[in-house]
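Below are the chains, spelled out letter by letter.
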Protein chains: 2
Amino acid sequence: MTEITSDLYRVKDKLYAAADCIIFGFESGRIKLLLFRRRVEPLKGEWSLIGSFVRLEEDVSEAAKRVLKEITGLENVYMEQLKAYGKADRDPGFRCLSIAQYALIRINEYDEELVEKHGAHWFDIDEVPDLVLDHNQMVADALECLKQKARYQPIGFELLPEKFTIPQLQQLYEAIYQRELDSRNFRKKLLSLKVLIKLDEKDKSGSKRGAFLYKFDHENYQKLLKSGYNFEIA
Amino acid sequence: MTEITSDLYRVKDKLYAAADCIIFGFESGRIKLLLFRRRVEPLKGEWSLIGSFVRLEEDVSEAAKRVLKEITGLENVYMEQLKAYGKADRDPGFRCLSIAQYALIRINEYDEELVEKHGAHWFDIDEVPDLVLDHNQMVADALECLKQKARYQPIGFELLPEKFTIPQLQQLYEAIYQRELDSRNFRKKLLSLKVLIKLDEKDKSGSKRGAFLYKFDHENYQKLLKSGYNFEIA
DNA sequence: TATAATAAATGTAATAAATACGTTCATTCA
DNA sequence: TGAATGAACGTATTTATTACATTTATTATA
């Protein structure tokens with residue numbers, strides 16, 4: 001439970017719902033998490049997921065999108081519900097259940113100014129500080145979910161720039177699975193899925209030779225999905 | 001949103017949470033769903049999932065367990081959260097979000113009298129009638145979830161009696177995946193997982209020769225899980 | 001009491017997928 | 001021009017999946 005606009009009066013005999021966002025990014029080989037300092041009592045000033053109360057007239061998923069846009073400036077972001085957290089005592093203030101949702105964002109695209117203005121900060125996934133309430137649990141669950149999901153759905157691409165190299169993609173999967181992958185087998189496997197479009201450009205930031213850039217072939221992915229294709233990766 | 005004890009007065013400017021249960025069973029080769037007739041207006045008398053409002057002092061998961069016990073008499077049942085349904089307009093009466101949870105029960109163990117008393121009824125999964133609100137969507141989502149989950153976790157056993165035969169198990173997986181499996185390969189695969197204990201008894205209901213009964217080896221399953229074993233089935 | 005009927009149980013060969021592993025290539029910088 | 005760096009690539013081995021046909025234990029009945 002986290003409130004960004006603290007203009008609401010809370011009472012004890014009502015039930016509230018919060019939308020909390022686990023915002024993942026990926027940069028220099030590491031998975032990142034966007035956190036911010038809680039604005040409201042209790043626990044004001046503590047690190048927290050980004051969230052908001054769900055308004056009475058608003059869809060739960062909209063609440064999450066609203067707060068995501070508020071903080072990062074981003075719209076049309078990949079977002080999935082993780083699960084609802086409904087322990088009666090999870091928030092000491094009043095009864096509030098939280099629907100946690102995770103977002104995968106391209107870390108090169110977010111609005112840096114806006115993030116800073118909100119006191120938000122990117123943490124390396126294995127340097128996440130103590131968070132308010134059950135937010136650490138949410139992060140752990142979301143990470144597990146990401147791990148599972150990445151194996152069967154090509155969601156990794158949501159965390160990379162539109163154009164990426166195969167070594168970058170491999171780094172990402174290594175970060176997600178937390179183990180090293182063989183570069184020859186990885187390349188072979190990925191290319192065999194037929195969802196990468198090779199571009200004529202190279203990215204030379206990683207080596208002198210430079211690596212070819214690719215983009216994800218959404219169209220063919222959809223086609224293959226419908227034909228019952230298995231997208232197991234690594 | 002479904003209410004069993006209709007003794008609560010609902011207002012428009014509050015948010016409510018319901019716990020709705022998708023209760024799966026398995027009998028004579030078919031997946032079954034337990035439904036009942038809604039007790040409260042609006043839509044009184046319509047087929048509905050079994051559910052209840054979440055009480056202010058109660059965990060969401062407890063609410064689901066409470067109503068499950070109320071209807072089936074069963075406790076300690078396999079139950080998992082599916083997801084929260086949070087569309088603002090999902091319930092025409094007032095703002096109510098639902099945390100859907102699915103349960104896998106051994107259809108031979110439930111309390112028949114109790115179920116009848118509550119006007120509940122087992123439906124074949126592909127003969128589910130029109131349900132109130134978004135309950136049909138919940139059923140579809142739960143079924144999809146079951147399908148996915150059954151491939152990587154041995155949850156199928158929760159739907160069978162403690163003692164079962166390999167042909168029964170195969171029938172179950174065939175019902176879940178909705179395709180036929182080769183009996184030789186299925187048996188080989190299952191036995192290779194080392195989580196079945198062969199008993200000396202036979203079940204003769206299915207054939208003259210009779211098929212050996214097995215039970216699930218929870219202990220070894222836990223051991224193998226910890227060692228990072230892959231439980232992919234079929 | 002022999003025979004027919006039924007589903008259970010079993011093995012092997014062929015194919016496909018995953019893994020392990022070393023060398024050459026393109027480019028930049030000194 | 002040559003030393004250094006990561007990118008790109010192929011093959012052999014192992015492992016897993018698939019396809020497929022016969023025998024067995026038992027009961028019911030002729």
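Just so you know, these numbers come straight off a predicted model, no measurement behind them.

What counts, and where the lines are drawn
Sequence order sets the numbering: in each chain, residues are counted from 1 along the sequence as written. Naming scheme: in the order in which they are written, chains are lettered from A and ligands are numbered from 1. Reporting of local features is limited, given that this is a predicted model, to residues whose pLDDT is at least 70; pairs of side-chain atoms are given and counted only at 80 or more, and all residues count toward the totals for whole chains, interfaces and linings. Water and hydrogen atoms were dropped before computing side-chain values, which therefore reflect all heavy atoms in the structure. Starting at the N terminus, helices and strands are each numbered in turn, a helix being any DSSP run of H or I of at least four residues and a strand any DSSP run of E of at least two. Any helix carries an expected span of 1.5 Å times its number of residues minus one. Relative accessible area decides the class of each residue, using a 1.4 Å probe on protein chains only: under 20% of the type maximum gives buried, over 50% gives exposed, and in between gives partly exposed. Polar contacts, as counted here, are pairs of nitrogen or oxygen atoms within 3.5 Å of one another; within protein the pair requires one atom able to donate a hydrogen and one able to accept it, and residues that are adjacent in sequence qualify only if both atoms are side-chain atoms. Interaxial angles span 0 to 180 degrees and are taken between N-to-C directions of axes, which are lines fitted to C-alpha atoms, for helices over the stretch in contact. Roughly parallel means an angle under 35 degrees; roughly antiparallel means over 145; roughly perpendicular covers 65 to 115; every other angle is labelled oblique. Crossing handedness is read from the near helix: turned anticlockwise from the far helix by less than a right angle, it gives a left-handed crossing, and turned clockwise, a right-handed one. Contacts between residues were defined by any pair of non-hydrogen atoms, one from each residue, lying within 4.5 Å. In this classification, the charged set is Asp, Glu, Lys and Arg, the nonpolar set is Ala, Val, Leu, Ile, Met, Phe, Trp, Tyr, Cys and Pro, and all remaining amino acids, among them Gly, are polar. UniProt positions are given in the numbering used here, feature names are shortened, and annotations may be inferred rather than shown by experiment. A pairing counts as a salt bridge when a side-chain nitrogen of Lys or Arg comes within 4 Å of a carboxyl oxygen of Asp or Glu. A pair of strands is labelled paired if DSSP reports no fewer than 2 bridges between them. Put simply, a residue is near a molecule or strand once any heavy atom of it comes within 4 Å of that molecule or strand. Only buried residues count toward a nonpolar core. Its members are Ala, Val, Leu, Ile, Met, Phe, Trp, Tyr and Cys residues joined through side-chain atoms within 4.5 Å. On a range of 0 to 100, pLDDT expresses the predictor's confidence in each residue. Where a domain begins and ends is set by an automatic assignment or by a domain database. By convention, the term buried area covers the 1.4 Å-probe accessible surface removed from two parts as they join, with the contributions of both added. Superposing the copies works by least squares over the C-alpha atoms of residues that have pLDDT at least 70 in both of them. The method works on a 1 Å grid over the protein atoms by themselves. A cavity is a set of points holding a 1.4 Å probe that cannot get out, a pocket is an open set with protein on both sides within 12 Å along at least five of seven lines, and residues with an atom within 4 Å of a point line them. Grid points are joined across faces, edges and corners, and a volume is the space filled by probe spheres set on the points.

Below, the discussion takes up helix α4 (residues 166–177) of chain B. All names here are of chain B. Here α4 contains twelve residues, and its C-alpha end-to-end distance of 16 Å stays within 8% of the 16 Å for a straight helix at 1.5 Å per residue. Restricting attention to buried positions, one finds in α4 the residues Ile166, Leu169, Gln170, Leu172, Tyr173, Ala175, Ile176 and Tyr177. Capping of α4 at its N-terminal end is provided by threonine 165; its side-chain oxygen lies 3.1 Å from the backbone amide nitrogen of glutamine 168. A positive phi of about 55 degrees marks glutamine 178, the residue just after α4.

Residues and elements named next belong to chain B. Interhelical geometry of helix α3 (residues 135–152) versus α4 gives an angle of 135 degrees and a closest axis separation of 9 Å. With respect to each other, α3 and α4 are oriented oblique. Judged by the sense of rotation from one axis to the other, the crossing of α3 with α4 is left-handed. Contacts from Leu146, Lys147, Ala150 and Arg151 in α3 reach Tyr173, Ile176 and Tyr177 in α4. Split into classes, the residues belonging to the contact of α3 with α4 amount to five nonpolar, no polar and two charged.

Those residues carrying the UniProt feature "domain: Nudix hydrolase" (unreviewed entry) are residues 14–147 of chain A in this numbering. Between the C-alpha atoms that bound residues 14–147 of chain A the distance is 36 Å, and the span itself is 24% helix and 36% strand.

The full count for this structure, using the stated rule, is 28 salt bridges over all chains. Close ionic contact of arginine 30 of chain B with aspartate 126 of chain B constitutes a salt bridge, the shortest N to O distance being 3.8 Å. Of the two residues, arginine 30 of chain B is situated in strand β2 (residues 30–37) and aspartate 126 of chain B in the loop between β7 (120–124) and α3; the sequence distance between them amounts to 96 residues. Residue class for arginine 30 of chain B comes out partly exposed when judged on its relative accessible area of 41%. Exposure remark for aspartate 126 of chain B: the relative accessible area of 55% places this residue in the exposed category. Of the charged contacts in the structure, one is a salt bridge between arginine 106 of chain B and glutamate 109 of chain B, with a shortest N-O distance of 3.7 Å. Through salt bridges with shared partners, a single ionic network connects Arg30, Lys32, Asp124 and Asp126 of chain A.

What follows is about the pairing of strand β10 (residues 211–216) of chain B. All names here are of chain B. The pairing of strand β8 (residues 164–165) with β10 spans two bridges and is classified as antiparallel. When the sheet's bridge partners are listed, phenylalanine 164 is paired in β10 with tyrosine 214. The sheet contact formed by strand β9 (residues 196–203) and β10 spans five bridges and is antiparallel. Considered in β10, the bridge of leucine 196 is made with phenylalanine 216.

In this section: the protein's contact with DNA strand D. As a structural note, the neighbourhood of DNA strand D is formed by 20 residues, with Arg184, Arg187 and Arg209 of chain A together with Arg184 and Arg209 of chain B the closest of them. Interatomic distance of 3.0 Å between a backbone N/O atom of phenylalanine 212 of chain A and a phosphate oxygen of DNA strand D. Elements supplying a minimum of two residues to the surface near DNA strand D: α5 (183–192) and β10 (211–216) of chain A together with α5 (183–192) of chain B. Looking at which element gives the most residues to the surface near DNA strand D, the answer is α5 of chain B, with four residues. A breakdown of the residues in the surface near DNA strand D according to their chemical character gives three nonpolar, four polar and 13 charged.

Moving on, we get to the nonpolar core. Looking at soluble globular proteins, one finds that nonpolar side chains tend to be buried together. With 54 residues, the main nonpolar core has Leu97 of chain A together with Leu97 of chain B as its most contacted residues. Among all residues touching leucine 97 of chain A, those that are not within four sequence positions of it are Leu15, Tyr16, Ala17, Ala18, Tyr85, Gly86 and Arg90 of chain A together with Ala17, Val60, Leu97 and Ile99 of chain B.

So, on to the confidence of the model for chain A. Residues with a pLDDT of 70 or more make up 96% of chain A, whose mean pLDDT is 93. Confidence drops under a pLDDT of 50 for residues 1–7 of chain A, and excluding neighbours within four residues, the segment shows 36 contacts in the predicted structure.

Our next topic: the domain arrangement of chain A. Residue and element names in this part refer to chain A. Taken as a whole, chain A is organised into domain 1 (12–151) and domain 2 (160–226). On a C-alpha basis, the centroid separation for the pair domain 1 and domain 2 is 28 Å. If you look at the interface, domain 1 gives nine residues, while domain 2 gives eleven residues. Together, the buried faces of domain 1 and domain 2 total about 930 Å²; carbon and sulfur atoms form 63% of this surface. Among the residues of domain 1 in contact with domain 2, Phe26, Arg106 and Lys147 are the three that bury the most area, contributing 50% of the side total. For the pair domain 1 and domain 2, the number of links is one salt bridge. When the shortest N-O distance is used, the salt bridge between glutamate 162 and arginine 106 registers 3.9 Å. Taken together, domain 1 and domain 2 are joined by one residue pair in polar contact (both at pLDDT 80 or more). Of all the elements, helix α3 (residues 135–152) adds the most residues to the side of domain 1 that touches domain 2, at four residues.

Turning next to the relation of the copies chain A and chain B. Relating one copy of the chain to the other takes a rotation about an axis and a shift parallel to that axis. If you rotate chain A by 180 degrees and push it 0.0 Å along the axis, it lands on chain B with an RMSD of 0.0 Å. On this basis, the relationship between the two copies can be described by a two-fold rotation axis. Mapped onto chain B, 100% of the interface residues of chain A again fall at the interface, so both copies present the same surface.

Between chain A and chain B, the contact holds 23 residues from the first and 23 residues from the second. Counting each side, the surface lost to burial between chain A and chain B is near 1,900 Å², with a carbon and sulfur contribution of 55%. At the surface where chain A touches chain B, the tally comes to two salt bridges. Of the charged contacts in the structure, one is a salt bridge between lysine 87 of chain A and aspartate 59 of chain B, with a shortest N-O distance of 3.3 Å.

What follows deals with the layout of surface pockets. Taken as a whole, the second largest pocket spans an internal volume of roughly 420 Å³. Around the second largest pocket sit 15 residues that line it, and Gln148 and Arg151 of chain A together with Gly228, Tyr229 and Asn230 of chain B are the ones nearest its centre. Elements with a contribution of two residues or more to the lining of the second largest pocket: α3 of chain A together with α6 (218–226) of chain B. Considering every element that reaches the lining of the second largest pocket, the biggest residue donor is α3 of chain A, with four residues. Residue composition of the lining of the second largest pocket, grouped by class: eight nonpolar, four polar and three charged.

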